[in-house]
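Listed below are the residues making up each chain.
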Amino acid sequence: LHELTFPQTAEDVISAEILSDSGIDPASTRYIATVSDFRIYLARPDDGDGRCIATFTSTENRPWSAGCASGAQVGAAVFGIDDRLTVAIGEPVSSGVDGIPIRLSDSVTAFVAR
């Protein structure tokens, strides 16, 4: 994942305490974008094998959801954030994900419900 090759900046950091039970490596988090009041971060699992998404609400800065897909998948790892927002890491098959696609970075696409 191209985004994870850049050095982690202050904007990218999520407290290790918040991530303690998530299975996400705190040193790997990278801020990607804010969509529909969610701050979206890309990350790696703490065992290094896979891809993760962590989201926070922008207005309250509260952790919302975090999930990982292990190993190398063909296509995309898709994470439902809420009933209006889905985030995919990799190249999603457009017919498999509902919503309007918004490319957030080289590896991450958001799908916003119509």
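Coordinates for the structure precede this section.
First, a word on scope: everything that follows refers to the structure included in this document. (Residues numbered from 1 in each chain as written. Predicted model: local features only at pLDDT ≥ 70, side-chain atom pairs only at ≥ 80, totals over all residues. Heavy atoms only, no water.)

This part covers the pattern of salt bridges. Following the criterion strictly, the structure yields two salt bridges and no others. When the shortest N-O distance is used, the salt bridge between Glu 60 and Arg 62 registers 3.5 Å. Two residues, Glu 91 and Arg 103, come together in a salt bridge whose shortest N-O distance is 3.0 Å. Placement of the pair is Glu 91 in the loop between strand S6 (85-90) and strand S7 (100-103) and Arg 103 in strand S7, with a sequence separation of 12 residues. Residue Arg 103 is classed as partly exposed on the basis of its relative accessible area of 45%. (Salt bridge = Lys/Arg side-chain N within 4 Å of Asp/Glu carboxyl O. Helix = DSSP H or I, 4+ residues; strand = E, 2+ residues; numbered from the N terminus. Buried < 20%, exposed > 50% of the residue type's maximum accessible area, 1.4 Å probe, protein only.)

Bringing the sheet that holds strand S3 (residues 50-57) into the picture now. Read across the open sheet, the four strands follow the order S1-S2-S3-S4; overall the sheet is antiparallel. Lying at the two open borders of the sheet, with one neighbouring strand each, are strand S1 (30-35) and strand S4 (63-70). With strand direction ignored, the average angle separating the axes of adjacent strands in the sheet is 20°. In this structure, S3 lies alongside S4, joined through seven bridges in antiparallel fashion. Residue Gly 50 lies in a different strand from S4, and its bridge partner there is Ser 70. (Pairing = 2+ DSSP bridges. Axes fitted to C-alpha atoms, helices over the stretch in contact; angles between N-to-C directions.)

What follows concerns the state of the cysteines. One pass over the structure, following the stated rule, counts one disulfide. Note that Cys 52 is cross-linked by a disulfide to Cys 68, the S-S spacing being 2.0 Å. Given an S-S torsion of about 100°, the disulfide between Cys 52 and Cys 68 has right-handed geometry. Of the two residues, Cys 52 is situated in strand S3 and Cys 68 in strand S4; the sequence distance between them amounts to 16 residues. Residue classification places Cys 52 among the buried residues on the basis of a relative accessible area of 0%. (Disulfide = S-S within 2.5 Å.)

Taken in spatial order, the four strands of this open sheet run S5-S6-S8-S7, and their pairing is antiparallel. The open sheet terminates on both sides in strands that have one partner only, identified here as strand S5 (76-80) and S7. The sheet shows a mean angle of 25° between the axes of neighbouring strands, taken without regard to direction. Both S6 and strand S8 (residues 108-112) contribute to a ladder of five bridges, which runs antiparallel. Bridge pairing in S8 links Ile 89 to Val 108.

On inspection of all chains with the given rule, the structure shows three aromatic pairs. Plain terms: the ring middles of Tyr 31 and Tyr 41 are 5.6 Å apart, the flat faces sit at 70° to each other, and that makes the pair edge-to-face. Of this pair, Tyr 31 sits in strand S1 while Tyr 41 sits in strand S2 (residues 38-43), placing them 10 residues apart in sequence. Taking relative accessible area as the criterion, Tyr 41 reaches 3% and is therefore assigned buried. Seen in terms of ring centroids, Tyr 41 and Phe 56 are 5.8 Å apart; in terms of plane orientation they differ by 75°. Their pairing is edge-to-face. A residue pair is termed long-range when its members are at least 10 positions apart, and Tyr 41 in strand S2 and Phe 56 in strand S3 qualify at 15 residues. Both residues of the pair, Tyr 41 and Phe 56, belong to the buried class. (Phe/Tyr/Trp six-rings, centres within 6.5 Å; stacked < 30°, edge-to-face > 60°.)

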